[in-house]
Structure formats: structure tokens, C-alpha cells
Amino acid sequence: MRFKAIPVAAAFVAIAGSAQADDGPCNEWREAGVIGDLQCQTADGGAVIGGAARATEYAQVFPRAFAAFADYFAPSEQKVALVVQPEVSAELTAALAADGYKPLPWIDNETKAAMLRDRIVAQVEAQTASLPEAQRAAVVQQALAKAEGAAPAHADPEMEDGAIAHEIGHLLFNRYFDGPETGSADRTGRYGSSAPDWLDETAAVALENDAQTRSRYVAAREAYDADGTVLAFPLDTYLSMEHPLLQSAQALKTLKRGSTGAVMLSGDEADAFLEASGGNPAVFYRQTRMFIDYLMETSGDPRILNSIAQAYRDGGDLSGWLTQSGGENGLPETLEALETEFEAWAKAKLADAAA
């Protein structure tokens, strides 16, 4: 029996600066009765709400993420609130919005483990209802032990911090690309901002930490060793495709009841989610990681992503940007030449790593 979990965030946020005691907006939200007895820490530009054991560590992710976004794109003025709960009530969401904050619901490792355990127990007990109690208990314990042995990557604190930074990148890029007003009609069918999905994901993956980056390259090397795969998608497909999780993410939004939340799926639900998405998001992410590194390394410019994003904001695309600016940045001037050079760069990277 297999069990796996896929947390899906329904909103993206960030915080910056050092954590402070319960004050400022925390007092306001507590007096309004929207955070109950939850702990609340403020930071420059944001807040962490919830009683997670790693709350203070979460707060330290945000200054690093904000600094990286400023290096790659531009400083952000987005105010944020990381809410360490599976759901953010409609009342809290409204209170945060009134103060200019965006909520990010986050399932911490302790809660995630408890949720997964409950799901496993319920599923196994339903499947073994005809067995004697002692046998049922033994099967439950076997299933729990197997799940523990195949714990999700987010059980690693470094990987969890990298995942939070990833979601921060989405929010900051949404504000950067579309401005402070969000939710317009032309974005209802989008994964993130009104930019192409590859560019949205570039901003998120660029903010990941070293642990996440290593995991992307490990996955890429495994694919290369297995069948010689270098790029999962031709470049023209990659630049125009929808995010692999877009359709399923939209479907999950219908499960929310006026609140903002994160959904955790396991077993058959997780398999169905990935199948409905029409693609493997991990493959999309690893190609994005290599594309970021290729562009920065080849151009020698850490702000090359900002230049490309500005071209899209002005109504252009990567092809037009290459024609105008590719040569002066040490890059090819056509998409065809870019794909050839990018694939050769990636193959050399993966071959060296395999050796």
C-alpha cells in the first residue's frame, strides 16, 4: 500500500526582517477576534501567525527570500502573513487584506505528519473492516511504518524552508508583474501572475535555498542517467505551456469554502491529482532550475531575469528580447540557437555531475 502527500498552497506570501513580540497588527487582529489564541509574531513587512515549533525559523526565511528577489528582480513592498494552519478563515483573510497583507496557509511538518497518519489509519481500517481487531491493528501499524519510511521531502527542515521561499517568490512576482491589485478577470485562468507560467515559476524556483537546488539537480541527473534525458520539454513547448498543476489547482479551489487554505492529499487522491494535472510538476521545476542557472551563468548577470521579465511586461516575449538584447548579454539571438546552446550546457553539467 502506497501513501504520499501533496500540499497545495492556495495563496502566496512573505515576511521580512527580524521577528518581534506580539504587538502592532497582532494586537489588532487579536482584539478583533480573528486569530483567537494563536501566537503571532511581527516582522518588517509581515507576520507569522500560529503555534508551530519552527515559527521563529520560518521568520528567518523571509529576509533571505526578499533579498534574493531584490537581487534578481526588484525590492518588494508586499506585506505578508504566514499562517501556520491548513486553513485561513474568511474573517482572518478579510482582516489581513484590510491591513494590506496576503495570507499563506502553511501545513508544518508536525501537523502534516498527524494529518497523514489520520488518513492512513482511516483508509486501512476501512479496507480491513472484516478482519479481527488484532489483525486490523497490525495492518495499520505496518502501513504507518511504511509511510514513515517514505516520509515526504518536506520533513527535512531545510527542504521545508526552501518550499516556503518558493511560495514567497510566487507572491512577490505577482505583485512585481501585475501590481498591487490582484484577482482581475484576465487572471482567473492563470496559475500565478499574467506572465507566462514558466516565468512565474522562474521567480519561485530562483528563491529556493541550496537544499532545494541540490534536489532539482539530483532529479535531473537521475533522469539523465536513466535514459539520457537532458531537457524534459523542447524550449518552445516549455515557454508556452501551462503549469503542470494549473488544472488541478483550479479544481482544488472549488473545495474551499470562502476561506484560504492548503490541501493535503494522500494515496489515490494524490495520484489522481497528478494525473489530472496533465504533467509532472517536478520535471517542470528541474528544467526551470537549469534554465535560471544557464541564463545567469552565460550572461554573467544575476538580474538577467529582470530584463527578460520587463520585456514581457512591455508586451514582448523571449524571442523578441533575444533579437534585441541576446547578443549584448552573451546569449544567442534566436530561440532555436538558444535551445541548442542551453541543451549543450545542461548536458555538460549533468555529464560532469554523473562522472
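Below or above, wherever it landed, is the structure these notes cover. Since the model is a prediction, treat every value here as computed from it, not as a measurement. (Residues numbered from 1 in each chain as written. Predicted model: local features only at pLDDT ≥ 70, side-chain atom pairs only at ≥ 80, totals over all residues. Heavy atoms only, no water.)

Notes on the pattern of salt bridges
One pass over the full model with this rule turns up seven salt bridges. Between E133 and R136 there is a salt bridge, with its nearest N and O atoms 3.8 Å apart. Residue E133 and its partner R136 are located together in helix α5 (residues 133-149), separated by three residues, close to a single helical turn. Given the relative accessible area of 57%, E133 is considered exposed. Classification of R136 as buried rests on a relative accessible area of 19%. Between E297 and K349 there is a salt bridge whose closest N-O contact spans 3.2 Å. (Salt bridge = Lys/Arg side-chain N within 4 Å of Asp/Glu carboxyl O. Helix = DSSP H or I, 4+ residues; strand = E, 2+ residues; numbered from the N terminus. Buried < 20%, exposed > 50% of the residue type's maximum accessible area, 1.4 Å probe, protein only.)

Quick notes on the state of the cysteines
Chemically, a disulfide is nothing more than a covalent bond linking the sulfur atoms of two cysteines. In this structure the tally under the stated criterion is one disulfide. Each disulfide pairs two cysteine sulfurs, and for C26 the partner residue is C40, the sulfurs being separated by 2.0 Å. The disulfide joining C26 to C40 has a torsion of about -70 degrees about its S-S bond and is therefore left-handed. One end of the pair, C26, is in helix α1 (residues 25-31); the other, C40, is in strand β2 (residues 40-43), and 14 residues separate them in sequence. Overall, the relative accessible area of 4% leaves C40 in the buried class. (Disulfide = S-S within 2.5 Å.)

A closer look at the packing of aromatic side chains
Under the definition given, this model contains 18 aromatic pairs. An angle of 85 degrees between the planes, with centres 5.8 Å apart, marks the rings of Y238 and F291 as edge-to-face. Separated by 53 residues along the polypeptide, Y238 in helix α9 (residues 235-240) and F291 in helix α12 (residues 281-299) bring together distant segments of the chain. You'll find Y238 and F291 in the same group, each marked buried. (Phe/Tyr/Trp six-rings, centres within 6.5 Å; stacked < 30°, edge-to-face > 60°.)

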